[in-house]
Amino acid sequence: MSTIKACLFDLDGVLVDTAKYHYLAWKQLADELGFDFTEQDNERLKGVSRMASLDILLSIGGIELDEAKKQELAERKNAWYFEMISKMDASEILPGALEFLQECRDNGLKVALGSASKNAMTILNNTGITPYFDAIIDGTRTTAAKPDPEVFTLGAAEVGAAPEECVVFEDAEAGIEAARRAGMHCVGIGSAETLGKADFVVSSLGDMTVSRLTGIAVS
Ligand code: BG6
Ligand code: MG
């Protein structure tokens with residue numbers, strides 16, 4: 001049996017709702033390219049890296065492009081997305097997130113970010129939650145995207161916790177898989193239907209308390 005020493009949080013969909021901005025920016029790109037991109041299509045991009053997201057988008061539109069053109073489109077999408085997240089503030093922090101981050105800190109748990117996003121620092125700073133983190137691992141610091149465990153393994157090392165002493169909070173299947181491959185416990189944020197591989201699933205961090213982590217440590 002191990003005790004929990006660190007909580008590792010995904011960003012998009014766990015601490016803030018940025019999926020709507022990703023959707024608007026990808027939709028603008030799809031509109032320009034001349035095909036429809038629905039909110040249901042957007043579900044497939046959650047937790048997926050920027051370039052892998054573009055590949056999925058292009059496959060929906062039945063479009064094949066060379067690497068240089070793909071880079072250009074990814075940069076265009078990101079410029080629109082960046083404009084939107086630049087206007088974010090604390091009101092966009094998801095319900096219960098701030099309270100749970102604070103409860104973790106009050107209980108002496110280390111707090112780390114494990115996000116695929118290269119825009120994580122902008123979002124953390126604009127919403128004012130940067131000071132809650134002992135370690136921040138984002139898309140600028142990793143070489144492999146989730147479901148590769150790298151982002152969480154780096155976070156655990158930076159806060160000095162062994163994998164079995166860590167709990168990951170994730171809203172995407174690829175993130176749950178990454179936590180599992182890292183040998184960590186995992187709480188799903190969202191629906192049990194898609195996140196069944198987590199130790200347990202809550203609908204938001206508003207349903208989380210540090211005491212609920214005690215049960216996980218023995219699983
Ligand atoms: C993840 C999001 O957190 O970050 C994905 O769930 C996104 O939708 C990925 O594609 C990369 O984000 P960014 O900000 O680097 O384009
Ligand atoms: Mg996410």
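Shown above is the structure to which this text applies.
Below you will find a few notes about this structure. In this text the structure is predicted, and so the values were computed from the model without any measurement.

This next bit is on the overall build of the protein. A tally of regular secondary structure across the protein gives nine helices and six strands. Its C-alpha atoms give the protein a radius of gyration of 17 Å, within 12% of the compact-globule value 17 Å for 219 residues. Overall size of the protein, expressed as C-alpha extent along the three principal axes, is 55 × 30 × 30 Å. Taken over 219 residues, the protein has a buried fraction of 49%. Sequence separation of at least 24 residues holds for 61% of the intrachain contacts in the protein that already meet a minimum separation of 6. Carbon and sulfur atoms make up 50% of the accessible area of the protein, which amounts to about 10000 Å² in all. Averaging the positions of the 20 positive and the 35 negative side-chain charges in the protein gives two centres separated by 2 Å.

At the metal site, the magnesium ion (ligand 2) is ligated by Asp10 (OD), Asp12 (O) and Asp171 (OD), and these contacts range over 2.0 to 2.2 Å. Counting along the primary sequence, the residues that act as donors to the magnesium ion (ligand 2) give the motif D-x1-D-x158-D. Note that Asp10 is positioned in the loop between β1 (6–9) and α1 (19–33) and Asp171 in the loop between β4 (166–170) and α8 (173–181), a separation of 161 residues in sequence.

What follows covers the environment of Ala179. Following the sequence through the fold, Ala179 ends up in helix α8. C-alpha of Ala179 to C-alpha of Glu39: the two residues are 140 residues apart in sequence and 26 Å apart in space.

What follows is about the side chain of Ser115. Residue position: Ser115 is located in the loop between β2 (110–114) and α6 (120–127). There is a polar contact of 2.9 Å between the side chain of Ser115 and the backbone nitrogen of Ser117. Setting aside anything within four residues of it in sequence, one finds Ser115 in contact with Asp10, Leu11, Ala120, Ile137, Asp138, Gly139, Lys146 and Val151.

We now examine the pattern of salt bridges. Under the definition given, this model contains 17 salt bridges. For Lys70, the salt bridge identified is with Asp55, shortest N-O distance 2.8 Å. Note that Lys70 is positioned in helix α4 (residues 67–85) and Asp55 in helix α3 (residues 50–61), a separation of 15 residues in sequence. Lys70 sits in the buried class, given a relative accessible area of 12%. With a closest N to O distance of 3.3 Å, Glu72 and Lys69 form a salt bridge. Taken together, the residues span about one helical turn, with Glu72 and Lys69 both in helix α4 at a distance of three residues.

The rules behind each value
- Residues numbered from 1 in each chain as written.
- Chains lettered and ligands numbered in written order.
- Predicted model: local features only at pLDDT ≥ 70, side-chain atom pairs only at ≥ 80, totals over all residues.
- Heavy atoms only, no water.
- Helix = DSSP H or I, 4+ residues; strand = E, 2+ residues; numbered from the N terminus.
- Rg over C-alpha atoms; globule rule 2.2 N^0.38 Å.
- Buried < 20%, exposed > 50% of the residue type's maximum accessible area, 1.4 Å probe, protein only.
- Contact = heavy atoms within 4.5 Å.
- Areas by Shrake-Rupley, 256 points an atom, 1.4 Å probe, with all protein chains shown as cover.
- Lys, Arg positive; Asp, Glu negative; His and termini not counted.
- Charge placed at Lys NZ, Arg CZ, Asp CG, Glu CD.
- Donors = N, O, S within 2.8 Å, 3.2 Å for Na, K, Ca; no water.
- Polar contact = N/O pair within 3.5 Å; in protein donor to acceptor, adjacent residues only side chain to side chain.
- Salt bridge = Lys/Arg side-chain N within 4 Å of Asp/Glu carboxyl O.

Honestly, it's all geometry; don't read function into it.
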